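Residue strings, one per chain:
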Amino acid sequence: MFSSKAKGIEWSLDTDASNATVLVASEAHAITLAIEGLLGVVFAVATLTDEAVDDGELESPRCDTDPATKCTGITATLCVSIVDSTWLTILDALSLILMKSQGEAIILEILKGYQAFTQACGVIRAVEPLNSFLASLCKFTIYIPNEAEKRSVMMSPSSKRAEQLVDQREGIVLTPKNVQALRTLFNIAHRLQNVLGPSWVLVLETLSALDRAIHSPHATAQEVSTAVPKLTKDSSGQYSDFNILSSLNSQLFESSALMHVSAVQSLLSALRQLSCQWVEPLWGDIVGHFLELADSPNPQLQTMALDALDKSICAVLGSNQFQENALSSSVDASNNLIGASKLRSLECAVISPLNDLYSLSQSSEVRAASLKILLHVLERHGEKLHYSWPNILEMLRSVAHASEKDLIALGFQSLRVIMNDGLPNIPAHCLHECIDVAGAYSAQKTELNISLTAVGLLWTAIDFIVKTIMQRTQEELETDLRDHETREEPTDSHDKVTNVTFSSDTVQRDRLLVSVFSLLHKLGADERPEVRNSAIRMLFQTLGSHGQKLSERMWEDCLWNYVFPTLDHASHLAATSSKDEWQGKELGTRKGIAVHMLIHHSRNTAQKQWDETLALVLGGIARILRSSFPFLRSLRNFQSGWESLLVFVKNSILNGSKEVALAAINCLQSTVVSHSSKGNLPITYIKSVLDIYEDVLQKSENSSDHVTGKVKQEILHGLGELYSQAQGMFDNDMYKKLILVVDSTIREAKITNITFEADYGHVPPVQRTILEILPLLRPAAHLSSMWILLLVTLLHYLPADDPADDKEDDREGVRNSNHTHNNGEGLILNNTNSLFAEKLVPVLVDLFLQAPVEEKYNVFPNLIRSLGRCMTTRRDDPDGTLWRLAVEGFHRILIADVRKLKPASGTDLTNTRSSRIQVWKEVADVYDLFLVGHCGRALPSNALSATAHQTTESLEMKILDVLGDEILRSDTDIPLDILQRLISTLDRCASRTCCLPLETVELMPSHCSRFSLTCLKKIFSLSSYEMGDWNLSRSEVSKISIMTLMSRCDFILGKFLTDENDLGVRSLPPARVEEVTFVLQELDRLVIHPETALALPLHTHLKEGVSKETMKRRSHLLLLFPSLCELVMSRESKVRELVQVLLRLIAAELGLQKLST
C-alpha cells in the first residue's frame, strides 16, 4: 500500500475478490491508517514547534547564540506538554514498525517521523526524549549479526547471500534500512548540531562504526529486491552509497565551523571520550599541538589549550580501558611483560607533557597551569598511576626550588595529595624519593608555612611506613602459613622463605625510616627556629610512638647518629649564638618612625631561640627514655651515653638559661620517676641523679638570682617526687644524703634571703618549695631509724634557747640571721626568717605525729622544748603568728599523742618510762613558762586590735581547757611531782587578782581578771567529783588540787576581809568583789570524793564522825569555817548571803539540825 502510494497509485479491492483476500486487505488498510495517524501526530508536533520558532517563542537550533534553557509562550508550552506525555508511546510504536518493516516506502515514512519528532525534541530542549530517539535510531544504522545468525546464513541451502559473503570476519552488513537510518541521523545532526550536547556521543559512536565499515575490506551490502539497487563498493569511480555516506560524514565535521562555542566543546568532549582507544598513536601529535598553543600570545587560546590538555589527560586516565590495563598489569605483571611495557609507555607519555610544559615554558602562568593540571590528575586518578611517579616526584622537587611563592604553593598542594592519599599507590622504590621531595619543601626558604606543613607530612609518611609495611608483612606471613599447611611443605623450607620475606620488608622499612630520620636531623639545624623545632618534635614523636617497633640496630643508629648529635649541635649553637637583641619585622611607619612587630623578650635573640630548641631536644630525649628506658639499657654503650647525658645535664643546669636548666632537670626527673615506681630501674641510676642534684645545689649556693632560684625549686620538687616514687629503693645512706641536701639548701636559702621576708612579707620561693616537699620525705617503714635525723634537722630551724646551741653544726650564718642572744628575760626572735619558722611548725608537727612510737621518744623532749621557745615569742611579738601556731601544734601533740601513749611492756620498759618522765617535765616547763610569763598579762592598748584581742583571749582559754580538761582529767602516767607543778602553775595564774595591791587591781584590764578566774575555776573542777569520772590518776589529781584550792580560797577570803577593813567606808574594786563572789559560789557547788576528803588536814574525830551515807562530800568547807565566820560581818550583802549558805552546808556536813520549837 505504501509502495503504491509512493508511486501515486491508489490501491483498492476488486469486487470479485474472495472473502479471505478482503479480510487481509482490510487488516492491511487498518494498519496503514493507524501508521498514517501516528505519523500525523508526529508531524503535527513538528509543525507546532516550527510555528513556535517562527513566533519567537523558541530559539532556532541554528542560531549563533547559546540556546535558552526555558521555553516561554503558549505554543511552546503546548509542544513541551505534548512531547512529555507522548514520546514514550510514539517511540515504542515507531521503533516496532521500523523493526518489522522491509519495504523502502514505509521505512522512509517511519524515518521521516523519527527525524521530525527528534528535531522537535531538540528544538524544545527535551534532553531525555532526544537521547532516547537518537539511541533508538542508532540501533538501525549499523547491523552486526551475532554468531547464530551467521551460522544460519551459512547453513541455509536456499540462501543466495552466502555466495556473496567474501569474508565474515568483520560481519558488517549494510541494508537499505541502515543506509536510510544513517542519512536520517546525518540530517538530525546537521539540524540540531548546536543543541545535541552530551548526545553527540551517540552520534559519534555510530559514525565511528560507519567509518570502520567504509574502510573495512570485508563489509558487504544486502540486496533486497530488484526494485532497489544493490549497494556495493564501486571501484569504477562513480559514487556509491558508501561514498555518499563518507561524504556526509565529512560534511558533518566541516560544518562545525558554523557551530557556536559550547556546541564545539560538546563535540570535542564526545570525540575525546570516543577516541580513548586511539590515544597512544595519536597522543604525541595531540599533546604537541596543545603545548604549541600553550605558548601562544593569545590568552584565550592559551587557556583553551591548557584546559583541553587537562581534560585530555584526565580522560585517558579515567577511561575504562586504561583502568582495566592498569589492574591486569598490577595483578599479573610478571606474566604479561609486554602489556606492562605498553602500559608503562602509555602512562609516561600521558604524564610527561606536564613535566615538559613546566620545565620548558618561560611563562609563570603556564607553569602554574601545568601544576594545576597535575593536581587535578592526582586528585582524580592518582590511584591509577604506577610507572610515572618518578617523573611526577622529580617535577615536584624542581618546583620546591623555585623562587615564586605561587608555584611552590601549587606544587605543595600536589605533594599533600600524594602524602595524604597516594602513599599506598606509590611503588616501594619511589617512597624514598617521595620522602626526599617532602624534605625539599621542608627546607625551602620561600614560604615558612609550607615548610612547617611539609614537616608535618613526614609524620604521615612515618605512620605509613611503620603501619602499612608491618601489616603487609604480617599478612604475607599468614598467607605463607596457610599455603604451607595446604602444600604440606617441609618446615625448614617454609621457615626459610618466611624469614627472608620478613627480613627484606624489615630492611626496606628501616631504610625508609633512616631516610626520614636523616632528613629530620638536617632540618633540626635549620636557621629558622619554627622549622627546626617542628622537625625536632617530629623526630622524637616518631621515636616515642613507634620505638617499640624498631630493632636494636635501628635504635643504636638513631641514638648515636641522630639523637645525641642533635643534642650536641643545639647545645653548641645555644652557647655560641649571638646575644644581640632583634627588632621585629617592620610593619610600616607612624609619624615618620618605623613601627616594628613586637617580639617577646624570651625570643628576641638568636641564643634564646636556640635555647628553646635545646629545651625541645632535652624534652624529646626525656620522652624516649620514659617510653623505652628498659629496652635502651640493653643496647651497647648505653651506659656511656647515660653518663654523657648526666654530664650534659649538669652543665646545662649550672651554665644554661632557665629554660634549658629546667628542661635538663625534667629530662632526668621524668626518666627516673616513671621507671622507679615500676621497679625496673637499677638503684645506680637513682644514686647518679641524687649526686647530680647534690653537686648542682652545692655549686649554686653563692648565687641568689631569680633563675638560680627557679632551678633550685625544680630540683627540690624533683627530690620530693623521686623519693615519693622510689622510697622502697632508698637505703639509710641514700636517705641521709637526701636530707643533708635539703638541709644545706635550707641553710643556704636562709643566708641568701636574709632580707627577703622583711622586704616582701612572705616566705622566699626556695624555702616555700622545701615546705611543700617535706611531707613527702617522711621515712618509709624500712627507714624508721631515719625519723630522728629528719625531725632533729628540722628542729634546728625553730628558735633556739641560745644561739650558741648551733655551734655544733657550724651554722654561724643561720645563727646571725635567725636569733639574737637571750638576755635572761626570754627568747627574742628577729623578723628575719621568722616566717619560715611559722610555716615549718605545722609541717613538723604533722611529721612527728606520723612517726613510729619507738622513734618519737628520741626526739619528743626536743620537740616540746622547741615549741615552747616558739610560744614564748609572744612577749616580743604579741600579734605574731609563730607563737599561735606553736600553741596549736603543742596542743595537737598533747591531745593526739602524749596522753594516749602508755609505757609498753618488755625489755625497754625502763627506758620508755624515763623518756616519758622527761617528756612530762618538758610539758610542765612549757606550761609554767608560757602560762605564768605570757598569758593573762596586760598589753599596750595599741598592741592588738579588738578582733585580735578576742582571738588571743580565746586561745588562752583553749590552753587552759587543754590543760585542765584534756591532760589533768585524763588517765595518764604523769608523775606526782609533775602533777604538783602543773596544778601549781594554774594556782599561780589564779592568784594574780588577789595578790595585787588595790591600786593595781583597779588598773588591771578585764581580760586579765577573766584569765585568773578561769584558772581558779579549773582548780575547782579538778578538785570536784562527778559520778563515773574517777580513776587512780583522777584521785591523785583531786587530792593535790583540793589542798591547793583550799589554800588559795583561804588566802582570797582573808585578803578580802583585810582589804575591806583597811578601806573603811570605801568600796573594794569590782574585780576583788567579783573574785570573792566567784569563790563563794564555787564553794557552794563543789563536792568532793571521800578519798579526796581523807586527804584534807582535818582533826581525826571530824574525819571519823562525818556521815558516810553519801559519796559526795563537802568536808572541804570545814577547813574554811573560821574564815567564813569572819565574813559574816562583811559590808557586801552578796558576800553575806553566800557565806550564810555555806555555813548551812557546813552544819549539814556535821549532821547538825535546828531544835524543834
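Residues numbered from 1 in each chain as written. Predicted model: local features only at pLDDT ≥ 70, side-chain atom pairs only at ≥ 80, totals over all residues. Heavy atoms only, no water.

- Per an unreviewed UniProt entry, the protein chain carries the name Protein MON2 homolog and comes from Erythranthe guttata.

## Observations regarding empty space enclosed by the protein
Next, step 1: Applying the stated criterion across every chain, the model contains three cavities of 30 Å³ or more.
Next, step 2: Within this model, the largest cavity holds a volume of roughly 70 Å³.
Next, step 3: Taken together, L559, V563, F564, I621, I624, L625, L632, F638, G641, W642 and L645 make up the lining of the largest cavity.
Next, step 4: Going through the elements one at a time, helix 23 (552-576), helix 24 (606-632) and helix 25 (638-655) are the ones with two or more residues in the lining of the largest cavity. (1 Å grid on protein atoms, 1.4 Å probe; cavity = no way out; pocket = protein on both sides within 12 Å on 5 of 7 lines; lining within 4 Å. Points joined across faces, edges and corners; volume = space filled by probe spheres on them. Helix = DSSP H or I, 4+ residues; strand = E, 2+ residues; numbered from the N terminus.)

## Remarks on the side chain of R969
Next, step 1: For R969, the position within the fold is in the loop between helix 39 (946-967) and helix 40 (976-990).
Next, step 2: In this structure, R969 is in contact with G964, S1021, L1022, E1026, D1029 and R1034, ignoring residues within four places of it in sequence. (Contact = heavy atoms within 4.5 Å.)

## A few points about the packing of helix 16 (residues 364-381) against helix 17 (residues 389-400)
Next, step 1: Direction vectors running N to C along helix 16 and helix 17 enclose 135 degrees, while the axes themselves pass 12 Å from each other. Regarding the angle of helix 16 to helix 17, the classification is oblique. In the packing of helix 16 onto helix 17, the handedness of the crossing is left-handed. Here S370, L371, L374 and L378 of helix 16 lie close against helix 17, whose contacting residues are W389, I392, M395, L396 and V399. (Axes fitted to C-alpha atoms, helices over the stretch in contact; angles between N-to-C directions. Parallel < 35°, antiparallel > 145°, perpendicular 65-115°, else oblique. Left-handed = near helix turned anticlockwise from the far one by under 90°.)

## Some points on the packing of helix 45 (residues 1070-1085) against helix 50 (residues 1133-1150)
Next, step 1: Running from amino to carboxyl end, helix 45 crosses helix 50 at an angle of 25 degrees, the nearest separation of the two axes being 10 Å. The angle between the axes of helix 45 and helix 50 places the two elements in the roughly parallel class. Between helix 45 and helix 50 the crossing geometry is left-handed. Residue-level inspection shows V1076, T1077, L1080, Q1081, L1083 and D1084 of helix 45 in contact with helix 50, the latter providing K1134, V1135, L1138, V1139, V1141, L1142 and L1145.
Next, step 2: Of the residues assigned to the contact of helix 45 with helix 50, the class counts are nine nonpolar, two polar and two charged. (Nonpolar A, V, L, I, M, F, W, Y, C, P; charged D, E, K, R; others polar.)

## A few points about the nonpolar core
Nonpolar side chains tend to gather and get buried jointly when the protein is soluble and globular.
Next, step 1: Counting 253 residues, the largest nonpolar core has Y441 and Y927 as its most contacted members.
Next, step 2: A domain-level breakdown of this core finds at least three residues from each of domain 2 (784-801 + 830-901) and domain 3 (946-1156).
Next, step 3: Aside from chain neighbours lying at most four places away, what touches Y927 is F890, H891, L894, V932, I959, V962, L963, L982 and T985.
Next, step 4: A116, C121, F140 and A181 belong to the second-largest nonpolar core, a separate cluster that totals 57 residues. (Core = buried A, V, L, I, M, F, W, Y, C linked by side-chain atoms within 4.5 Å. Buried < 20%, exposed > 50% of the residue type's maximum accessible area, 1.4 Å probe, protein only. Domains from an automatic or database assignment.)

## Description of unusual backbone geometry
Note on backbone geometry: most residues besides glycine have negative phi, and most peptide bonds are trans.
Next, step 1: Phi at R125 takes a positive value of approximately 60 degrees, unusual for a residue other than glycine.
Next, step 2: Of note, R125 is situated in the loop between helix 4 (104-123) and helix 5 (127-139).
Next, step 3: The class of R125 is partly exposed, set by a relative accessible area of 23%.
Next, step 4: One non-glycine residue, N637, adopts positive backbone phi at about 65 degrees.
Next, step 5: Within the secondary structure, N637 sits in the loop between helix 24 and helix 25.

## Things to note about the environment of V1065
Next, step 1: If you trace the backbone, V1065 turns up in the loop between helix 44 (1032-1063) and helix 45.
Next, step 2: V1065 gets classed as exposed once you look at its relative accessible area, which sits at 83%.
Next, step 3: A C-alpha to C-alpha distance of 8.9 Å links V1065 and R1131, two positions 66 residues apart in sequence.

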